[in-house]
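Here is how the chains run, residue by residue.
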Amino acid sequence: MAPKRVVQLSLKMPTHAVCVVGVEAHVDIHSDVPKGANSFRVSGSSGVEVFMVYNRTRVKEPIGKARWPLDTDADMVVSVGTASKELKDFKVRVSYFGEQEDQALGRSVLYLTGVDISLEVDTGRTGKVKRSQGDKKTWRWGPEGYGAILLVNCDRDNHRSAEPDLTHSWLMSLADLQDMSPMLLSCNGPDKLFDSHKLVLNVPFSDSKRVRVFCARGGNSLSDYKQVLGPQCLSYEVERQPGEQEIKFYVEGLTFPDADFLGLVSLSVSLVDPGTLPEVTLFTDTVGFRMAPWIMTPNTQPPEELYVCRVMDTHGSNEKFLEDMSYLTLKANCKLTICPQVENRNDRWIQDEMEFGYIEAPHKSFPVVFDSPRNRGLKDFPYKRILGPDFGYVTREIPLPGPSSLDSFGNLDVSPPVTVGGTEYPLGRILIGSSFPKSGGRQMARAVRNFLKAQQVQAPVELYSDWLSVGHVDEFLTFVPTSDQKGFRLLLASPSACLKLFQEKKEEGYGEAAQFDGPLMGGGVPGPHPRRGKAQEVMSAPGAGQCQACSCSHSPLISLPSSLSLFTEVETEAQKGELAWTGLCSQGAAGLGP
């Protein structure tokens, strides 16, 4: 959008002005007027549109050879429809008249040079840059929305690099251009005009650390692409070549939305006249982008790759488990990736270490692994083994005293698409475990919660999980696909249902049956599975109604479906018993994971 320009006419000499195609220029017809003049007439050459702006209740438009009266508030506006081939090839003439209407008292001449300047991006989200006549600065969500999208260039396309592409201020691979959003600068007009005027590309200071812009000059060499905007580079004087009408740029996203960043950035181009002091900006065109959010994928989608760890403890290796997983992945037609012990350092909890999602723009999408801040034995695995071509990486570090159990990503889940209270969540809702409100208990780190909330598209919900020793949501809920119209079911672990089952089995004479047959670690501490116990011991333990089976200290048992009211339809079915899934606490044999 251009600032309002006013061109002043002179009776003594012709006036020269630059007019951007499609942009109106106001002409001052009142400053220099012949003595005795009381009316005027306007004429323009082909290609120039001249029209008057006036109050229809106070001014009557002239008919035929009638003239416009000077003592009114009528304003003259001009515009051009095409770029000029030569300087000053459009002309507007204003003739002033007095009482002698047949002879003009004086004339002012305005010569216009038309130039076509515009900055274009994929506002229509078609995957291609097209000329837009609408507002390119604003951005709106949804299938009927508009506005360009940027991908955070968080993958690593060059195998020679050890870092994500966004850490480099130069192009590492031509394939990297596919991860950027194209931007086109139109600059059609006489070459002599651009000899005396500048085209300047700008990024606001607040956005300069969020984006990087590369200028393309054709060719298939990395040297043909130069960074022109980005951190420490707020403006760039465009190097237009003679006869050049279009210049292509590539825009790279550098940061995801977060608590201090809404995800919106803007870029602009200005036509500047340096022949005056100070320089005058004749026209500015601005475009806006939004960073594509990180979108978490639900486990109801078909699997593509399964990650597991090879470990060794006092009871031997987990080869049998790996053999079983190999069989299952073969049946599911998905890839199995085994993290060796030397890389996982005997940390088996790979679900706690990372979560998968993706980012998407109309022209490109790729998966992105979210690395948790737990930083245990697997801390290097996502960065060193998953980050790669078209596979991005993101993480959030947390300050001291460091992570709690709730910062592991077994405490991070997402539902399939749901509708809650008439509001649709087409990408589902993120679920994280937390403490009871105002209880002062454990919470997921604020840095991680802020990041998830800032993505906006999966509206996180905090569930009460702090009553568990480990405290992860995947200990008491999971989603499974179904073949009916709904497409999924929510399975909930119910401690109260488990307690009822123990009661029933005790009454049936199975009170002495062994439960939780698992190993002990040194000093009698429960290992990966809880100690041997009996149903009647569970029932007769002090503080019945609390979990004593695994020597854990937990809050009283609660009915979990009541804390999941956001899934109204699913909850109703679960309460009917159709989805009942009996489970124990985090150490129980029926648990969903760590």
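Calculation rules
- Residues numbered from 1 in each chain as written.
- Predicted model: local features only at pLDDT ≥ 70, side-chain atom pairs only at ≥ 80, totals over all residues.
- Heavy atoms only, no water.
- Helix = DSSP H or I, 4+ residues; strand = E, 2+ residues; numbered from the N terminus.
- Buried < 20%, exposed > 50% of the residue type's maximum accessible area, 1.4 Å probe, protein only.
- Contact = heavy atoms within 4.5 Å.
- Areas by Shrake-Rupley, 256 points an atom, 1.4 Å probe, with all protein chains shown as cover.
- Expected span 1.5 Å × (residues − 1).
- Arc of directions from axis to C-beta.
- Pairing = 2+ DSSP bridges.
- Axes fitted to C-alpha atoms, helices over the stretch in contact; angles between N-to-C directions.
- Phe/Tyr/Trp six-rings, centres within 6.5 Å; stacked < 30°, edge-to-face > 60°.
- Lys NZ or Arg CZ within 6 Å of the ring centre and 35° of its normal.

1. Regarding the overall build of the chain
For step 1, the next point in the chain: When helices and strands are tallied, the chain shows nine helices and 36 strands.
For step 2, the next point in the chain: When the 594 residues of the chain are sorted by exposure, 48% land in the buried category.
For step 3, the next point in the chain: Across the chain, the fraction of contacts at a sequence separation of at least 24, relative to all contacts at a separation of at least 6, is 68%.
For step 4, the next point in the chain: Of the roughly 29900 Å² of accessible surface on the chain, 51% is carried by carbon and sulfur atoms.

2. What about helix H2 (residues 319-332)?
For step 1, the next point in the chain: End to end, H2 covers 20 Å across 14 residues, agreeing with the expected 20 Å (1.5 Å per residue, within 8%).
For step 2, the next point in the chain: All of the buried residues in H2 are Leu322, Met325 and Thr329. One face of H2 carries all of its buried residues, which in axial projection span an arc of 60°. For H2, exposure combined with an orientation more than 90 degrees from the buried face picks out Lys320, Glu323, Tyr327, Leu330 and Lys331.
For step 3, the next point in the chain: Residues of H2 that are buried make contact with strand S20 (305-309) and strand S23 (335-339).
For step 4, the next point in the chain: Trailing H2 by a residue or two, Asn333 shows a phi angle of about 60°, which is positive.

3. Side note on the sheet that holds strand S12 (residues 198-202)
For step 1, the next point in the chain: Read from one edge of the open sheet, five strands run S10-S18-S17-S12-S15, paired in mixed fashion. The sheet is open, and its two edges are formed by strand S10 (148-150) and strand S15 (235-237), each paired on a single side. Here the average twist between neighbouring strands, direction ignored, is 30°.
For step 2, the next point in the chain: As defined by bridge partners, S12 adjoins strand S17 (residues 264-273) across five bridges and the pair is classed as antiparallel. By the bridge assignment for S17, Asn202 is matched with Ser268.

4. Side note on the packing of aromatic side chains
To describe a pair of aromatic rings, one takes the distance between the centres and the angle between the planes.
For step 1, the next point in the chain: In this structure the tally under the stated criterion is 13 aromatic pairs.
For step 2, the next point in the chain: Ring centres of Trp139 and Trp141 lie 4.9 Å apart, and the angle between their planes is 80°; this geometry places the pair in the edge-to-face category.
For step 3, the next point in the chain: Geometrically, the ring pair formed by Phe370 and Phe409 is tilted, given 4.8 Å between the ring centres and 55° between the ring planes. Taken together, the residues Phe370 in strand S25 (residues 364-371) and Phe409 in the loop between strand S26 (392-395) and strand S27 (412-414) connect sequence positions 39 residues apart. In terms of burial, Phe370 and Phe409 fall into one category: buried.
For step 4, the next point in the chain: Through a chain of ring-to-ring contacts, the aromatic side chains of Phe256, Trp294, Phe370, Phe409 and Phe451 assemble into a single cluster.
For step 5, the next point in the chain: It is Lys486 that lies over the ring of Phe488; its NZ or CZ is 5.8 Å from the centre.

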